[in-house]
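Geometric and topological summary
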Amino acid sequence: MKTGILGLSRRYLAFRRLCKPRHGFGIHSPFVFELYTQAIDSDAKEPAFLPIERYRQSLKRCAQRIDLVGADGCSQATSEVRKIARKAAIPPHLGRLLFRLCRYMQPQSIVELGTSLGISTLYMAVATPDVPLHTIEVNADVQQIAQNQFDTMGCGNVYTHCGTFAEHLPSLLQHLPSVGLAFVDGHHQGEAMLRYVEAMLPHITPSSMLVLDDIRWSDDMEAAWHVLCADLRVSLSIDLFRCGILLFRQGVAKQHFNLRFGPY
Ligand SMILES: C[S@@+](CC[C@H](N)C(=O)[O-])C[C@H]1O[C@@H](n2cnc3c(N)ncnc32)[C@H](O)[C@@H]1O
């Protein structure tokens with residue numbers, strides 16, 4: 001069940017108690033200090049963000065009705081595009097974070113679980129236009145709208161896969177040399193998130209990064225996040241409250257960081 005406002009406030013206080021101050025004070029890992037100060041805590045605006053935010057505004061005015069599809073691929077109800085754009089798309093500050101993480105990490109490949117209308121995809125695609133970005137979405141209608149925008153913006157590095165993560169992720173992973181950066185933003189159930197991360201782990205390298213959105217969506221999502229932080233295959237975990245980052249660097253002591261980012 002989705003965490004209510006009271007539960008979220010309690011969790012936020014617990015998160016803040018363990019947070020390092022802003023600006024990187026108290027981060028003793030040189031790698032995490034640099035990642036934080038250069039890619040997480042900085043918020044430079046780029047001209048590339050403008051067309052993405054204009055697209056978001058146009059979606060927020062779009063009254064077209066489309067079918068909603070569940071994680072199993074079955075139709076559930078209908079909704080207006082403008083409601084999906086308001087509820088499902090990541091907010092601008094998180095898009096800018098993904099952009100900076102892609103620029104900073106320079107991954108060889110990007111995998112996204114949950115395209116929806118393509119806002120997060122666009123932020124990552126324009127950050128590294130030469131890097132193939134594979135994005136999976138079960139809802140063909142939203143993905144078609146996203147695809148139109150990828151075409152309009154000339155994002156030739158985006159490869160869309162329509163179907164469930166369970167259907168597409170295994171074969172996609174077989175065809176990729178490795179997972180450089182992955183953004184997991186769909187099927188918000190703890191056990192499902194663990195399954196998708198577990199599927200990706202054999203394909204990560206010491207320079208890979210996994211970004212998991214909505215880790216405080218529900219009790220089970222938060223519990224799954226803590227399971228991943230404790231996993232010995234993960235060397236560095238960074239909790240940004242709304243989302244979490246997993247890193248796999250070798251030769252470093254296993255460490256966890258609660259770091260302030262955006263409104264948190
Ligand atoms: C929160 S939205 C993604 C938002 C998008 N990342 C953005 O910021 O613009 C999650 C998407 O994942 C899709 N989804 C959920 N479970 C899925 C599954 N098991 N397989 C494929 N797609 C799924 C949903 O249809 C929905 O469009």
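Before reading on, note that the structure itself is shown above.
Heads up: these notes are all about the structure in this document.

**Concerning the overall build of the protein chain**
Along the backbone of the protein chain there are 10 helices and 10 strands. Taking 264 residues into account, the globule formula puts the C-alpha radius of gyration at 18 Å, and the protein chain, at 18 Å, falls close to it. With respect to the three principal axes, the spread of C-alpha positions in the protein chain is 50 × 40 × 35 Å. By the burial criterion, 41% of the 264 residues in the protein chain qualify as buried. In the protein chain, the proportion of contacts linking residues at least 24 apart, taken out of those at least 6 apart, comes to 66%.

**Things to note about the nonpolar core**
Counting residues in each nonpolar core, the largest one holds 72 residues, and the members touching the most others are Leu 98, Met 124 and Val 211. Look past the residues within four positions of Met 124 in its chain and what remains in contact with it is Leu 98, Phe 99, Cys 102, Ile 110, Glu 112, Leu 133 and Phe 183.

**A short note on the site of the ligand**
Around the ligand sit 20 residues in total, of which Gly 114, Ser 116, Ser 120, Val 138 and Gly 186 are the nearest. For the shell around the ligand, the secondary structure elements donating two or more residues are helix 6 (119-127) and strand 4 (133-137).

**Let's talk about the sheet that holds strand 10 (residues 255-258)**
Sheets are built from strands that pair by backbone hydrogen bonding, the pairs being arranged parallel or antiparallel. Strand order in the open sheet formed by 8 strands is 5-4-3-6-7-9-8-10, and the pairing between neighbours is mixed. In this open sheet, the two strands that pair with only one neighbour each are strand 5 (158-162) and strand 10. Strand after strand, the sheet turns through a mean of 15° between neighbouring axes, direction not considered. Pairing geometry for strand 8 (residues 236-239) and strand 9 (residues 244-247), over 4 bridges, is antiparallel. Directly across from Asp 239, in strand 9, lies its bridge partner Gly 244.

**As for the packing of helix 9 (residues 190-200) against helix 10 (residues 219-230)**
Close contact between helix 9 and helix 10 brings their axes to 7 Å; oriented N to C, the two are set at 35°. Every residue of helix 10 that contacts helix 9 at Gly 190, Glu 191, Met 193, Leu 194 and Val 197 is listed here: Asp 220, Met 221, Ala 223, Ala 224, Val 227 and Leu 228. Residues belonging to the contact of helix 9 with helix 10 are distributed by class as follows: 8 nonpolar, 1 polar and 2 charged.

**Some points on the packing of helix 8 (residues 165-175) against helix 9**
Following both chains from N to C, one finds helix 8 and helix 9 inclined at 15°, their axes separated by 10 Å at the closest point. With respect to their mutual orientation, helix 8 and helix 9 come out roughly parallel. The way helix 8 lies across helix 9 gives a crossing that is right-handed. Contact with helix 8, carried on its side by Phe 165, Leu 169, Pro 170 and Leu 173, involves Tyr 196, Ala 199 and Met 200 of helix 9 and no other residues of that element.

**Brief notes about unusual backbone geometry**
Not every positive phi belongs to a glycine, and His 23 is a case in point at roughly 70°. Among the secondary structure elements, His 23 is positioned in the loop between helix 1 (5-17) and helix 2 (30-40). Given 11 C-beta atoms within 10 Å, His 23 falls into the exposed group. Although it is not a glycine, Phe 241 sits at a positive phi angle of roughly 75°. Mapped onto the fold, Phe 241 is located in the loop between strand 8 and strand 9.

**Some remarks on the environment of Ser 208**
Within the fold, Ser 208 resides in strand 7 (residues 204-212). Separated by 152 residues in sequence, Ser 208 and Arg 56 place their C-alpha atoms 29 Å apart. In this structure Ser 208 touches Ser 178, Val 179, Gly 180, Leu 181 and Phe 248, once residues within four positions along its chain are discounted.

**Describing helix 6**
Of all 9 residues making up helix 6, 9 are buried, and the element is well covered by its neighbours. Here helix 6 has its buried residues at Ile 119, Ser 120, Thr 121, Leu 122, Tyr 123, Met 124, Ala 125, Val 126 and Ala 127.

Thresholds applied
Residues numbered from 1 in each chain as written. Predicted model: local features only at pLDDT ≥ 70, side-chain atom pairs only at ≥ 80, totals over all residues. Helix = DSSP H or I, 4+ residues; strand = E, 2+ residues; numbered from the N terminus. Rg over C-alpha atoms; globule rule 2.2 N^0.38 Å. Buried ≥ 20, exposed ≤ 12 C-beta atoms within 10 Å, placed from the backbone. Contact = placed C-beta atoms within 7 Å. Core = buried A, V, L, I, M, F, W, Y, C linked by C-beta atoms within 7 Å. Near = placed C-beta within 6 Å. Pairing = 2+ DSSP bridges. Axes fitted to C-alpha atoms, helices over the stretch in contact; angles between N-to-C directions. Nonpolar A, V, L, I, M, F, W, Y, C, P; charged D, E, K, R; others polar. Parallel < 35°, antiparallel > 145°, perpendicular 65-115°, else oblique. Left-handed = near helix turned anticlockwise from the far one by under 90°.

Everything listed is a geometric property; what it means functionally is a separate question.
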